[in-house]
Amino acid sequence: MPKPKSEPENQNDTDRSEPISPADPAAPARQEDRTGEPSPADKLLRFQQPEKTLRHLGELSDDRIAGLFGLDGGTYRARLRAYDDQVRETAARLLRDPGFADRVARLPFRPGQLVVALGESTTADRLSWCEVLRHLLPEDVRLVNLAVSGLTTTQALAQLPQLSRFRPDWVLCMIGANDTQRLGRSPGAPGTRLVSAAETERNLHALRALAAPDTADRWVWLTPSGVDQERADSYPHFLRAGIGWAAEDIDGIADFLLGRPEPTVDTRRVTAGLHLDDGIHLTPEGQRAVVAALVDTLTEHTAPGATTGRTVPGASGEPVPPRAVAS
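Residues numbered from 1 in each chain as written. Predicted model: local features only at pLDDT ≥ 70, side-chain atom pairs only at ≥ 80, totals over all residues. Heavy atoms only, no water.

### Remarks on the overall build of the protein chain
- If you tally the helices and strands in the protein chain, you get 14 helices and eight strands.
- Across the 327 residues that make up the protein chain, the buried fraction comes to 55%.
- When the accessible surface of the protein chain is summed, it comes to about 13,900 Å², and 53% of that surface belongs to carbon and sulfur atoms. (Helix = DSSP H or I, 4+ residues; strand = E, 2+ residues; numbered from the N terminus. Buried < 20%, exposed > 50% of the residue type's maximum accessible area, 1.4 Å probe, protein only. Areas by Shrake-Rupley, 256 points an atom, 1.4 Å probe, with all protein chains shown as cover.)

### Quick notes on the nonpolar core
- If you look at the biggest cluster of nonpolar residues, it comprises 42 residues, and the most contacted ones within it are Trp129, Leu133 and Leu136.
- Those residues in contact with Leu133, other than ones at most four positions away along the chain, are Leu143, Leu172, Val291 and Leu294.
- With 22 residues, the next largest nonpolar core counts Val116, Ile175, Ala206 and Leu257 among its residues. (Core = buried A, V, L, I, M, F, W, Y, C linked by side-chain atoms within 4.5 Å. Contact = heavy atoms within 4.5 Å.)

### Some points on the sheet that holds strand E1 (residues 114–119)
- Taken together, five strands build an open sheet; the order of strands is E2-E1-E3-E6-E8 and the sheet is parallel. Taken across any chain shown, the strands that pair with only one partner, and hence form the sheet edges, are strand E2 (142–145) and strand E8 (264–265).
- Sheet topology places E1 next to E2; four bridges connect them, and they run parallel. When the sheet's bridge partners are listed, Leu114 is paired in E2 with Arg142. (Pairing = 2+ DSSP bridges.)

### Looking at helix H1 (residues 40–47)
- Burial runs high along H1: six of the eight residues are buried.
- When H1 is considered as a whole, its buried residues turn out to be Ala41, Asp42, Lys43, Leu45, Arg46 and Phe47.
- The inward-facing, buried residues of H1 contact helix H4 (73–95), helix H6 (121–124) and helix H14 (284–300).

### Here we look at the packing of aromatic side chains
- Summed over the entire model, instances satisfying the criterion amount to five aromatic pairs.
- For the ring pair Phe69 and Tyr76, a centre distance of 6.3 Å and an interplane angle of 15° mean the geometry is stacked.
- Here Phe109 and Trp170 contribute two aromatic rings whose centre-to-centre distance is 5.0 Å and whose plane-to-plane angle is 85°, an arrangement assigned as edge-to-face. Highlighted residues: Phe109 in the loop between helix H5 (98–105) and E1 and Trp170 in strand E3 (residues 170–174), separated in sequence by 61 residues.
- We classify Phe109 as buried; its relative accessible area is 2%.
- Judged by relative accessible area, Trp170 falls into the buried class, the value being 0%.
- Joined through ring pairs, the aromatic side chains of Tyr235, Phe238 and Trp245 make up one cluster. (Phe/Tyr/Trp six-rings, centres within 6.5 Å; stacked < 30°, edge-to-face > 60°.)

Below is the structure:
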């Protein structure tokens, strides 16, 4: 069986990313407060990768990035390894289910192909569905995670030159949640969307049409995950900033994507109740549910004899066995 990659691979070959107090390098990546939620410092390290947004500064060393989080290089690298160990273990647990392992073996990615993920914080998360997927794929299928926390569909269009340089064989795209952020939202006022519904749909159409024309048959959408409305409406940081999200806005984007010809994974139902305290971001269990839904959708549409739903072309040939993952 192929040997697992020792390091994740993104646009800089390593998925690096309020200062974090220096800690024991052996400390676990997930730091929790007394409610069981990850600490603010842990959230920052989980969801932010400065090297993706500061490319104009050139190549950033681990030590320079570590300093942005108030960490030394050794502690920073240890934290990243801990995150990677956590998603590796998630992949291993999923593969212990023989049915799931069989579906992974039937994924339509071919040896030598490049898969690129686009998105915002749900995908940029170091514990994301994308990072779990990385450990499910075989060595000879490359996965590059270009997701950036906070990205809107308008900003994603500005990333097109970067995506074009990769010339991916597959694109997995989960974006749109930040478009629905509402400014000036309060209990008595719905607020104004950051990006209008019409512009979001225009951007999604343009992103698909312009991003990677050569992947016409190999583009997969994932809807934004749902909103835990009660948590989102009561989250202190959102209240102080006067921002918020509404579930119906997310539903509107999901309906638009589900009406498109490309395969679409509806992540809303499977992630219900699996949110962090802000009601927007997902717990590791929520991320696990997303990757399971993605695998199910891709194999459902490529199963022999499948006659319904949108198909995933490019799935001919022998199945690629899943990567061996140490349990």
